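# Examining the three-dimensional arrangement
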Amino acid sequence: MNIIQEFDTITAIATPIGTGGVGVIRISGDKSFDILDRIYSKHNLEIGKISHGWILDGDKKIDEVIILPFKNPNSYTGEDVIEIHCHGGVNVVRNILDVVLRNGARMAERGEFTKRAFLNKKMDLSQAEAVADLIHAKTRDFAKQSAKNLSGVLSEKIKEIREDIFQVLSKIVAGIDFPEDVKEPEYDYLITEFEKAIEEIDKVLAGANSSNIMRQGIKIAIVGKPNVGKSSLFNTLLNVERAIVTDIAGTTRDVLKETLDWDIAITLIDTAGIRDGEEVGKVEEIGIEYSKQSVDEADLVLFLYDASQGLNEDDMAILDLVKDKKCIVIGNKADLISEEQRAGRQEGRLFNAAKQLSSQAAKLDNDEISQKQQTDMVLLPNRPIVLSPDEILLSTITKQGLDELKSKIKEIAYNFSLEDMEFVTNNRQQDCLIKCRESLSLALEASKNYELQDLISIDVKSALLYLDEITGEVITDDILNNIFDHFCIGK
Ligand code: GDP
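Predicted, not measured: the structure shown is a model, and the values here were computed from it.

### Here's the deal with the sheet that holds strand β4 (residues 60–70)
Strand order in the open sheet formed by 6 strands is β3-β4-β5-β2-β1-β6, with mixed pairing between adjacent strands. A single partner strand is all that each edge strand has here, and the edge strands are β3 (51–57) and β6 (106–107). Direction of pairing for β4 relative to strand β5 (residues 81–87): antiparallel, over a ladder of 5 bridges. Paired with Pro69 across the two strands is Ile82, which belongs to β5. On top of the sheet, helix α3 (residues 112–119) reaches β1 (10–13), β2 (22–28) and β6; it is set at about 135 degrees to β1, its chief contact.

Right, dumping it as structure tokens:
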């Protein structure tokens, strides 16, 4: 690949469209300086020095501007680049873009500036992806992490791991190619090296979960048996009539997903009532399957039951399904709880009983009620039960408990996002790392079995290829286009 590739000259507005102090139009490519020459009041710009003058359309003055000229390869894209800093009004910016386009530039595609930077080796692929992350970062923490990748932290780590694996491969290949002169490496050496590389990859992957949460926000699944108020809660949280609410059990048949724009992105998943049993229809069965999947993919589960009815076996079965998840227990329909029931709840007599039965429960303490009694009480209809001290009593109708629920969700979401994270990775990078790890595991197993090193080398080579995919040393056009399609125009 040439250091500077031949491309046509592209342009775009680099600042957000709207009214602002300054707007920036960028031009990149061989013709950048020629184009400016035709539309700018001054000529013979000095590289690296800003210039002050007017953008002209023929003899008409369009705007008073500052010009930043960059000569290849010392620019963002590695090409000749002109930045025009003009006044920030929507129409001023558009007029200038129009003049630039009419004088020989083409409108840039999404991410095309950064793509050129990558193709011209100004940055590797993981750094280019960090540019997109930085722009789209939803929290300040994530922006900081993305900046680390932009500065090459992830690339450096990958290169380090790659170098070690490459050394091992070289020794294996030398042993195979020159058996008379070079002894093939000891199997113990291979085992140690592969184990070390796997450990290093695991370190990079350790931040994967937090990375995904910071990038995509946390996924919250709302679960509970039919009719406890899941759709109502979903709507209440969203403030829209998105899911269909009915009083016939089992009407939410699809999994609905919506994203809430709180301090951290939160994706809400409304699931069909989780229910097993023969009477369940086909469509609903599919919904239930989805629900189970939703629970699997959720970072946090909101478990809903009808507080005016108390818990029954169905509720307990669902609770069991989510036992390994971070979960907020919500007693809904608080407005229907009678005074007597409320008093019972406050007394908290049944609290430990429920705790004991819940598979999420901690150890039972100082309770004088026998287990048999506890079971009876929990399964007794119309008896409200407090599941845990953290349980939230809610009514989607009166909105009682809603603020408490929101702040609880935010608190948990925030803790997720602060989980220690040395390396930020995206799905594509994680995928490559996982595949690389798989190849290394195969090589490790083969080494433990003293298999032919010729065979072992195949897995080691594929491990290297996956690492090269991360930095973009080896990459297909499809993958490349897919990555840059997620950028905005002008970046
Ligand atoms: P889902 O099947 O779990 O999604 O339940 P829905 O959200 O469809 O609600 C079932 C029924 O319960 C509807 O008639 C709702 O209006 C009603 N409902 C939901 N939340 C509350 C609440 O907090 N209080 C009362 N009284 N009724 C509720």
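Next comes the rest of the description.
### Structural notes on the pattern of salt bridges
Tallying each qualifying case throughout the model produces 21 salt bridges. With its nearest N and O atoms 2.7 Å apart, the salt bridge here joins Asp8 to Arg106. With Asp8 in the segment before β1 and Arg106 in strand β6, this pair connects stretches of sequence that are 98 residues apart. With a relative accessible area of 36%, Asp8 lands in the partly exposed category. As a salt-bridge pair, Arg437 and Asp202 come within 2.6 Å of each other at their nearest N and O atoms. Of this pair, Arg437 sits in helix α16 (residues 427–448) while Asp202 sits in helix α7 (residues 187–205), and the two are 235 residues apart along the sequence. Under the relative-accessibility criterion, Arg437 is labelled partly exposed at 28%. The structure contains a network of salt bridges with shared partners spanning Asp8, Glu79, Arg106, Glu112 and Arg116.

### Overview of the nonpolar core
Within the largest apolar cluster, 31 residues are counted, with the highest numbers of intra-cluster contacts made by Ile165, Phe194, Leu433, Leu440, Ile456, Val460 and Leu467. Listed by contribution, the elements that provide at least two residues to this core are α6 (153–177), α7, α16 and α17 (453–471). If you tally residues by element for this core, the top one is α7, at 9 residues. What Ile165 contacts, discounting residues up to four positions off in sequence, is Ala197, Leu440, Val460, Leu464 and Leu467. Counting 22 residues, the second largest nonpolar core, distinct from the first, contains Ile220, Val228, Leu304 and Leu394.

### Describing the packing of helix α4 (residues 125–136) against helix α18 (residues 477–485)
The interhelical angle for the contact between α4 and α18, taken along N-to-C directions, is 25 degrees, at an axis separation of 10 Å. By the angle between their directions, the pair α4 and α18 is classed as roughly parallel. Residues Leu125, Ala128 and Glu129 of α4 form the contact with α18, whose participating residues are Leu480, Ile483 and Phe484.

### A closer look at the environment of Asp335
Here Asp335 lies in the loop between β11 (326–332) and α12 (339–347). Asp335 sits 61 residues away from Thr396 along the chain, and the two C-alpha atoms are 8.9 Å apart. Apart from residues lying up to four places away in sequence, Asp335 is in contact with Ser395, Ile397 and Thr398. Side chain to side chain, Asp335 and Ser395 meet in a polar contact 2.8 Å long.

### Side note on the state of the cysteines
Under the defined criterion, the tally for this structure stands at 0 disulfides. Cysteine Cys432 is unpaired, with the sulfur of Cys436 as its nearest cysteine sulfur at 9.0 Å.

### Structural notes on a nonpolar patch on the surface
On the surface, Leu452, Leu455 and Ile458 cluster together into a nonpolar patch covering about 320 Å² of accessible area. Its location among the elements puts Leu455 in helix α17.

### Focus: the layout of surface pockets
As a volume, the largest pocket reaches approximately 430 Å³. The wall of the largest pocket is formed by 16 residues, among which Glu129, Asp133, Arg215, Asn426 and His486 lie closest to the centre. Within the residue set of the lining of the largest pocket, elements represented by two or more residues are α4, α8 (208–216), α16 and α18. Examining the composition of the lining of the largest pocket, we find that 4 residues originate from one element, α4, more than from any other. Here the residues of the lining of the largest pocket sort into 6 nonpolar, 5 polar and 5 charged.

### Let's talk about α17
Under the 1.5 Å per step criterion, the end-to-end length of α17 is 27 Å for 19 residues, consistent within 8% with the ideal 27 Å. Turning to α17, its buried residues are Gln453, Ile456, Ser457, Asp459, Val460, Ala463, Leu464, Leu467, Asp468, Ile470 and Thr471. Residues of α17 that are buried make contact with α3, α4, α6, α7 and α16. Downstream of α17 by a residue or two, Gly472 has a phi angle that is positive, lying close to 95 degrees.

Criteria and thresholds
Residues numbered from 1 in each chain as written. Predicted model: local features only at pLDDT ≥ 70, side-chain atom pairs only at ≥ 80, totals over all residues. Heavy atoms only, no water. Pairing = 2+ DSSP bridges. Helix = DSSP H or I, 4+ residues; strand = E, 2+ residues; numbered from the N terminus. Contact = heavy atoms within 4.5 Å. Axes fitted to C-alpha atoms, helices over the stretch in contact; angles between N-to-C directions. Salt bridge = Lys/Arg side-chain N within 4 Å of Asp/Glu carboxyl O. Buried < 20%, exposed > 50% of the residue type's maximum accessible area, 1.4 Å probe, protein only. Core = buried A, V, L, I, M, F, W, Y, C linked by side-chain atoms within 4.5 Å. Parallel < 35°, antiparallel > 145°, perpendicular 65-115°, else oblique. Polar contact = N/O pair within 3.5 Å; in protein donor to acceptor, adjacent residues only side chain to side chain. Disulfide = S-S within 2.5 Å. Patch = residues over 30% accessible without salt bridge, like charges linked within 9 Å, V, L, I, M, F, W, Y side chains within 5 Å. Areas by Shrake-Rupley, 256 points an atom, 1.4 Å probe, with all protein chains shown as cover. 1 Å grid on protein atoms, 1.4 Å probe; cavity = no way out; pocket = protein on both sides within 12 Å on 5 of 7 lines; lining within 4 Å. Points joined across faces, edges and corners; volume = space filled by probe spheres on them. Nonpolar A, V, L, I, M, F, W, Y, C, P; charged D, E, K, R; others polar. Expected span 1.5 Å × (residues − 1).

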